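# Chains, contacts and geometry: an overview
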Amino acid sequence: MTLGQVARSGSFTEAAAELGYTQSAVSQQIRRLESVIKHRVINRSVGGKSVSLTPAGRVLLRHAESLTATLQRAATDIEALSSGSAGILRVGCYESVGAHLIPSVLAGYQKQFPRVQVVLTELPDDGELLDRVERHDLDLTFVVFPLPDGPFETQALLRDPYVLVAASHSPVASSVGPIDLDENTDLPLMSYGELRSAHTIETRLGRPAYRDRVVFRSNHNSTLLSLAAQGYAAAVMPWLGIDHSRDDLCVRQLAKVSPRIVGIAWHRNRPLSDAASGFIHESRVAASELEARMTETLGFEY
């Protein structure tokens with residue numbers, strides 16, 4: 001920018017030489033700028049050999065540099081999305097996927113795309129994440145099927161079974177076989193708070209009356225697990241939501257409950273960059289490995 005070069009060099013002559021303009025062209029640009037904003041931006045010394053910015057010139061230059069930096073970042077993002085070689089990839093996630101799947105995805109992805117910065121946005125409800133994909137605030141987001149109507153393309157990644165989590169000293173821990181919640185009507189339940197209606201436990205189990213059995217809802221897995229360990233209530237949670245290193249909890253198979261399907265979604269009208277396609281590929285690889293470990297750990301079919 002001409003004003004910035006004049007400020008740095010302190011001379012129309014030197015600024016013109018740096019920019020490849022004539023001195024008169026530089027002077028004309030400054031005069032036009034002053035005419036537009038109706039303020040002097042340059043103090044000219046006697047004889048015109050040296051110049052400096054006026055207070056108005058300093059204010060204008062500060063705003064101009066900020067705008068230039070913003071435009072440069074936008075250009076970098078656009079180039080990164082089209083080429084996949086560098087820039088930012090914005091990905092939405094929720095807690096359980098962030099804890100158990102994304103670390104493996106990033107481990108593989110960063111080897112393939114070392115100049116791409118993955119910026120994660122975590123929210124408890126994938127409905128809001130999908131809204132952000134629709135608004136182009138996110139490039140990709142992890143989701144749970146079924147999805148609401150919208151301009152989305154998806155890739156299913158893995159099956160994540162719902163299980164019952166209770167204190168290791170509870171009667172549930174010593175019971176045999178899958179737990180049928182219809183037969184354990186005195187068992188108080190906990191589950192998630194902010195979910196699309198399709199994913200509440202009463203909807204997933206096809207039991208609207210279970211709403212009255214849920215004594216606590218939270219958006220934080222650690223809260224549900226800690227309360228379950230104390231025997232407050234049993235938590236109905238997906239396997240990915242559990243801290244499997246804890247020995248104060250028991251995890252039991254649930255009868256009559258199908259697993260949730262975890263996937264990844266993007267805007268169908270926005271072409272996928274190489275960076276986004278690479279992230280989807282690494283998500284499939286990591287999900288396949290995780291599902292294999294999950295099957296081995298559970299010890300039952302789901």
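Predicted model only: the values in this text are computed from it and were never measured.

Conventions used here
Residues numbered from 1 in each chain as written. Predicted model: local features only at pLDDT ≥ 70, side-chain atom pairs only at ≥ 80, totals over all residues. Heavy atoms only, no water. Pairing = 2+ DSSP bridges. Helix = DSSP H or I, 4+ residues; strand = E, 2+ residues; numbered from the N terminus. Axes fitted to C-alpha atoms, helices over the stretch in contact; angles between N-to-C directions. Contact = heavy atoms within 4.5 Å. Core = buried A, V, L, I, M, F, W, Y, C linked by side-chain atoms within 4.5 Å. Buried < 20%, exposed > 50% of the residue type's maximum accessible area, 1.4 Å probe, protein only. pLDDT = per-residue confidence, 0-100. Phe/Tyr/Trp six-rings, centres within 6.5 Å; stacked < 30°, edge-to-face > 60°. Parallel < 35°, antiparallel > 145°, perpendicular 65-115°, else oblique. Left-handed = near helix turned anticlockwise from the far one by under 90°. Nonpolar A, V, L, I, M, F, W, Y, C, P; charged D, E, K, R; others polar. 1 Å grid on protein atoms, 1.4 Å probe; cavity = no way out; pocket = protein on both sides within 12 Å on 5 of 7 lines; lining within 4 Å. Points joined across faces, edges and corners; volume = space filled by probe spheres on them.

## Details of the sheet that holds strand β3 (residues 87–93)
Here we have five strands laid out as an open sheet, ordered β4-β3-β5-β12-β6, and mixed in their pairing. Where the open sheet ends on each side, the last strands, each with one partner, are β4 (116–122) and β6 (152–160). Going across the sheet, the axis of each strand differs from the next one's by a mean of 25°, ignoring polarity. Sheet strands in contact with helix α7 (residues 126–134) are β3, β4, β5 (140–144), β6 and β12 (260–267), and its direction is about 145° off that of β5. Sitting on the sheet, helix α11 (residues 274–298) touches β3, β4, β5, β6 and β12, and the angle it makes with β6 is about 20°.

## Looking at the nonpolar core
Ranked by size, the top nonpolar core spans 53 residues in total, and within it Leu101, Leu140, Phe142, Val165 and Phe279 carry the most contacts. Considering each element in turn, this core owes the most residues, nine residues, to α11. For Phe279, the contacting residues outside a window of four places in its chain are Leu89, Val91, Val105, Leu106, Tyr109, Val118, Leu140, Phe142 and Ile264. Ranked by size, the runner-up nonpolar core spans 17 residues in total, among them Leu164, Ile179, Ala234 and Cys250.

## Looking at the confidence of the model for the protein chain
Across the protein chain, the average pLDDT comes to 84, with 88% of residues at 70 or higher. Confidence, expressed as mean pLDDT per element, reaches its minimum in the protein chain at helix α2 (residues 12–19) with 67 and its maximum at β5 with 96.

## Description of the packing of aromatic side chains
For the structure shown, the criterion picks out three aromatic pairs. Aromatic side chains Tyr109 and Phe113 sit 4.9 Å apart centroid to centroid with 20° between the ring planes, which places their arrangement in the stacked category. Since its relative accessible area comes to 0%, Tyr109 is described here as buried. Given the relative accessible area of 16%, Phe113 is considered buried. Ring centres 5.3 Å apart and planes at 70° place the aromatic pair Tyr109 and Phe279 in the edge-to-face group.

## Quick notes on the pairing of strand β8 (residues 189–192)
Inspection of the sheet shows β8 paired to strand β9 (residues 214–218) by four bridges, in the parallel sense. The residue bridging Tyr192 from the neighbouring strand is Ser218, located in β9.

## Quick look at the sheet that holds β8
Read from one edge of the open sheet, five strands run β9-β8-β10-β7-β11, paired in mixed fashion. Edge positions in the sheet fall to β9 and β11 (249–253), since each of these pairs with one other strand and no more. Across the sheet, the mean angle separating the axes of adjacent strands is 30° when strand polarity is ignored. Against the sheet, helix α10 (residues 221–229) touches β7 (162–167), β8, β9, β10 (234–238) and β11, its axis set at about 170° to β8.

## Some remarks on the packing of helix α6 (residues 102–112) against α11
In a pair of packed helices, the angle between the axes and the distance between the axes together describe the arrangement. Following both chains from N to C, one finds α6 and α11 inclined at 135°, their axes separated by 9 Å at the closest point. In terms of orientation, α6 and α11 fall into the oblique class. Between α6 and α11 lies a crossing of right-handed hand. The segment α6 lies against α11, with Ser104, Val105, Leu106, Gly108, Tyr109 and Gln112 engaging Ala275, Gly278, Phe279, Glu282, Ser283 and Ala286. Each residue belonging to the contact of α6 with α11 can be placed in one class, and the counts come to six nonpolar, five polar and one charged.

## Comments concerning the layout of surface pockets
Considered as a void within the structure, the largest pocket measures approximately 310 Å³ in volume. Along the wall of the largest pocket there are 21 residues; nearest its centre are Tyr94, Glu95, Pro124, Tyr192 and Leu195. Of the residues belonging to the lining of the largest pocket, the class tally is eight nonpolar, six polar and seven charged. When its volume is computed, the second largest pocket comes out at roughly 220 Å³. Lining the second largest pocket are 16 residues, with Ala166, Ser170, Pro171, Val172 and Leu187 positioned closest to its centre. Among the secondary structure elements, those contributing two or more residues to the lining of the second largest pocket are β7 and α8 (171–174).

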